[in-house]
There are 2 protein chains.
Amino acid sequence: MKILLVEDDQLLANALSIALTRESYLITHVTTAKEAINQIKYTEYQSMILDLGLPDMDGIDVLKRIRKQKIDLPILILTARDSIEDKIKGLDLGADDYLSKPFEVPELLARLRVIERRLGTANSALITIKNVTFDTRANVVTVDTHPLVLSKKEYLVLKALVENAGRIQSREQLEAKLYEWQDDIASNTVEVHIHHLRKKLPANFIKNIRGIGYSIDKA
Amino acid sequence: MKILLVEDDQLLANALSIALTRESYLITHVTTAKEAINQIKYTEYQSMILDLGLPDMDGIDVLKRIRKQKIDLPILILTARDSIEDKIKGLDLGADDYLSKPFEVPELLARLRVIERRLGTANSALITIKNVTFDTRANVVTVDTHPLVLSKKEYLVLKALVENAGRIQSREQLEAKLYEWQDDIASNTVEVHIHHLRKKLPANFIKNIRGIGYSIDKA
DNA sequence: AACAAATTTAAGCTAATTTTAAGTTACATT
DNA sequence: AATGTAACTTAAAATTAGCTTAAATTTGTT
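Residues numbered from 1 in each chain as written. Chains lettered and ligands numbered in written order. Predicted model: local features only at pLDDT ≥ 70, side-chain atom pairs only at ≥ 80, totals over all residues. Heavy atoms only, no water.

Undergrad: What am I meant to see in the overall build of chain A here?
TA: In terms of helices and strands, chain A carries 8 helices and 11 strands. Here chain A has a C-alpha radius of gyration of 18 Å; the compact-globule value for 219 residues is 17 Å, and the two agree. The principal-axis extents of the C-alpha atoms in chain A amount to approximately 55 × 35 × 30 Å. When each of the 219 residues of chain A is scored for burial, the buried share is 53%. Long-range pairs, those at least 24 residues apart, make up 57% of the contacts in chain A between residues at least 6 apart in sequence. (Helix = DSSP H or I, 4+ residues; strand = E, 2+ residues; numbered from the N terminus. Rg over C-alpha atoms; globule rule 2.2 N^0.38 Å. Buried < 20%, exposed > 50% of the residue type's maximum accessible area, 1.4 Å probe, protein only. Contact = heavy atoms within 4.5 Å.)

Undergrad: What is the right way to look at the protein's contact with DNA strand D in this model?
TA: Near DNA strand D, the surroundings consist of 22 residues, among which A:Arg198, A:Tyr214, B:His195, B:Arg198 and B:Tyr214 are the closest. Among atoms of DNA strand D positioned within 4 Å of the protein, sugar and phosphate together represent 61%. Here a phosphate oxygen of DNA strand D sits 2.7 Å away from a polar atom, N or O, in the side chain of A:Tyr214. Separating a phosphate oxygen of DNA strand D from a backbone N or O atom of B:Gly211 is a distance of 3.0 Å. Looking at the surface near DNA strand D, the elements that each hand over two or more residues are α8 (189–200) and β10 (207–209) of chain A together with α8 (189–200) and β10 (207–209) of chain B. (Near = heavy atom within 4 Å. Polar contact = N/O pair within 3.5 Å; in protein donor to acceptor, adjacent residues only side chain to side chain.)

Undergrad: Would you mind going over the confidence of the model for chain A with me for this structure?
TA: Low pLDDT means the predicted atomic positions in that stretch should not be read closely. Mean pLDDT over chain A works out to 86, with 91% of the residues at or above the 70 mark. Least confident of the elements in chain A is helix α2 (residues 33–42) of chain A, whose mean pLDDT is 80; most confident is α8(A), at 96. (pLDDT = per-residue confidence, 0-100.)

Put into structure tokens, the structure is as follows:
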């Protein structure tokens, strides 16, 4: 899951970036509203963590602007403003969740998982398909209780497929989930990762639908 | 929106019922886990407000049970347990939000509105015609629950027809949807694709209107 | 800095799809 | 019923997507 972190407090932002990266989220960090608005034009994020106290513009206005454009991006507000009025305003203007500072990182992570779960329609922390178990919490994949050793990219590809089990993910969609910006991937990386994954997974686990994409059967 | 309020504290439950009814939610109030589980069997609620400290069973187990049955009911936990561990547990077990007591009613209302808003925008595009189901989101076509294997162009032709069921699509219109730019298709590709599609679909599913084009009956 | 691991690039290969084209059948109008 | 046209069928040729492999490059670690 790609997350756009909009936070001008460098210290907090760094701590969060590290914590979130450890959970294998892809973090892009910006410090101003302007950058945030610009960023979502170019990259498709699955979630935004938005601080309200930004130097150039009120975070609430960023929220307004995004919703006005009917961009359906889950937004979690993270702010020092903890008055009930502020919370209500934030939530009613289209935020999906509201956490006031000081907050505990594990709670933020849990609330992000709620967002993530909702995006992937039907995935909890533990997803089991055939004899493969995918623990999005611990970032561990097991086949018949044997843990799989996956590289980061392999993990991300598999995760995207598992979270969308039953649906087809195009190569472009998978690429988008692998790279921060639409990097100039003029190559067949995804295919290579799929190839490596298949060596580690049961036969026919990852299916290809020619011309359309890859998928994993639901259950 | 119909809400099932599961709360054994009569005083709080009454206050909430009044507040929620005033917001024109339809409230059913039960005081035990047993009643709650029973209730959702008979009535379709759009949301559940769940207290964890119930007399007969831990609310967490109610949550577990509901999620185990893959019931996709938004659940907001409302409880005195405000430790981070409890929050994380609740959220990871499938709760959509977590509010610890004491809380302010307006915040609860705002969080309910978030749930309500989300319910309005969570449907995948499913088109069903006779015994053929077309999921434009998942790129999957099923005939009597059997998935169809379609090539990309076949899929696109069928999609164009299904999305315009009841109307006639000329060969030119179909071609336009198969090719980015009016490539010099001086051939009968569309006819060939239709031919292949017909082999995979029920008889007479795709009709031809001589001299005009192809169509699929609506419903 | 050196090493190992991970990732990307590139190229050859195979098999499936798509296009082409030609022959056949069905339709509508006279 | 004959005719011209449209649609259907079939098979081959052309194209392309995906698999595999190996080498090149990048990244991360000691």
